[in-house]
Protein chains: 2
Amino acid sequence: MEANTIIGLIAGFCTTVAFLPQVIKTWKTKSAKDLSLGMYSIFCTGIVLWLTYGILISDLPIILTNIASLTLASSILYFKLRFKN
Amino acid sequence: MEANTIIGLIAGFCTTVAFLPQVIKTWKTKSAKDLSLGMYSIFCTGIVLWLTYGILISDLPIILTNIASLTLASSILYFKLRFKN
């Protein structure tokens with residue numbers, strides 16, 4: 001595998017799993033006051049569009065990474081809506 | 001321009017500008033307690049790798065969107081480190 005491809009894969013891994021510590025933190029503290037509702041609304045919309053794009057062009061890496069991202073980011077959005085303080 | 005390409009561009013726009021409402025909110029409230037340091041550390045690392053990847057394969061859209069993402073996400077990381085409560 002080319003060095004470029006490896007860097008791209010690690011990059012995609014980082015920007016996807018990055019949301020996991022936020023999911024865990026918000027779940028544990030039950031506090032989402034400082035999280036921006038606008039950010040997670042726009043971000044989830046974007047991820048749904050990335051997923052649509054991946055399906056339209058039949059690109060498996062785009063589909064799989066965006067399913068993972070959507071799971072994590074929509075969990076944070078749900079916590080933001082559920083934990084009012 | 002193809003419909004697929006337009007969806008991809010809107011997707012990229014959304015997942016990039018999504019961080020702007022968080023930057024504005026954290027700047028205004030000076031409160032970053034609920035934000036995950038782990039998330040923004042890993043995310044910024046991933047964006048630097050995406051930028052490296054874009055430069056290595058000479059892809060201007062990857063370079064430009066990741067410069068914008070890095071500016072926004074690193075601002076949030078800075079606020080997280082600066083605003084202790």
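Residues numbered from 1 in each chain as written. Chains lettered and ligands numbered in written order. Predicted model: local features only at pLDDT ≥ 70, side-chain atom pairs only at ≥ 80, totals over all residues. Heavy atoms only, no water.

Caption draft 1: Region of interest: the layout of surface pockets. Of the pockets and cavities examined, the largest pocket occupies roughly 1,300 Å³. Lining the largest pocket are 35 residues; nearest its centre among them are A:Trp50, A:Ile62, A:Asn66, B:Trp50 and B:Ile62. At the level of elements, helix H1 (3-17), helix H3 (37-56) and helix H4 (60-82) of chain A together with helix H1 (3-17), helix H3 (37-56) and helix H4 (60-82) of chain B are the ones that each hand at least two residues to the lining of the largest pocket. Here the lining of the largest pocket is composed, by residue class, of 17 nonpolar, 16 polar and 2 charged. (1 Å grid on protein atoms, 1.4 Å probe; cavity = no way out; pocket = protein on both sides within 12 Å on 5 of 7 lines; lining within 4 Å. Points joined across faces, edges and corners; volume = space filled by probe spheres on them. Helix = DSSP H or I, 4+ residues; strand = E, 2+ residues; numbered from the N terminus. Nonpolar A, V, L, I, M, F, W, Y, C, P; charged D, E, K, R; others polar.)

Caption draft 2: Representation of unusual backbone geometry in the model. Even without being glycine, A:Lys30 reaches a positive phi, approximately 55°. Assignment of secondary structure puts A:Lys30 in the loop between helix H2 (19-29) and H3. The exposure class assigned to A:Lys30 is partly exposed, which follows from its relative accessible area of 35%. For B:Ser58, which is not glycine, the phi torsion reads 50° and is therefore positive. Tracing the backbone shows B:Ser58 in the loop between H3 and H4. (Buried < 20%, exposed > 50% of the residue type's maximum accessible area, 1.4 Å probe, protein only.)

Caption draft 3: Representation of the environment of B:Ser74 in the model. Residue and element names in this part refer to chain B. Tracing the backbone shows serine 74 in helix H4. Of the residues examined, serine 74 reaches a relative accessible area of 30% and is grouped as partly exposed. A sequence separation of 27 residues divides serine 74 from isoleucine 47, and the C-alpha atoms of the two residues are 9.7 Å apart.

Caption draft 4: Layout of the side chain of A:Asn66. Along the chain, the position of A:Asn66 falls in helix H4. Setting aside residues up to four positions removed in sequence, A:Asn66 forms contacts with A:Ile47, A:Trp50 and A:Leu51. (Contact = heavy atoms within 4.5 Å.)

Caption draft 5: Summary view of helix H2 (residues 19-29) of chain B. Turning to H2(B), its buried residues are B:Phe19, B:Gln22, B:Val23 and B:Thr26. Along the long axis of H2(B), the arc covered by the buried residues comes to 100°, so they all point the same way. Buried-residue contacts for H2(B) involve H2 and H3 of chain A together with H1, H3 and H4 of chain B. Residue B:Lys30 follows H2(B) closely and has a positive phi angle near 55°. (Arc of directions from axis to C-beta.)

Caption draft 6: Focus on the interface of chain B and chain A. With 35 residues of chain B at the interface, the matching set in chain A holds 35 residues. Interface of chain B and chain A: buried area, both sides summed, is about 3,000 Å²; carbon and sulfur atoms make up 72% of it. Our enumeration of links across chain B and chain A arrives at 0 salt bridges. Remark: the boundary between chain B and chain A carries 15 residue pairs in polar contact (both at pLDDT 80 or more). By residue number, the principal contributor to the side of chain B that touches chain A is H3(B), which donates 12 residues. (Buried area = accessible area lost by both parts, 1.4 Å probe. Salt bridge = Lys/Arg side-chain N within 4 Å of Asp/Glu carboxyl O. Polar contact = N/O pair within 3.5 Å; in protein donor to acceptor, adjacent residues only side chain to side chain.)

Geometric descriptors of this kind do not, in isolation, establish any biological role.
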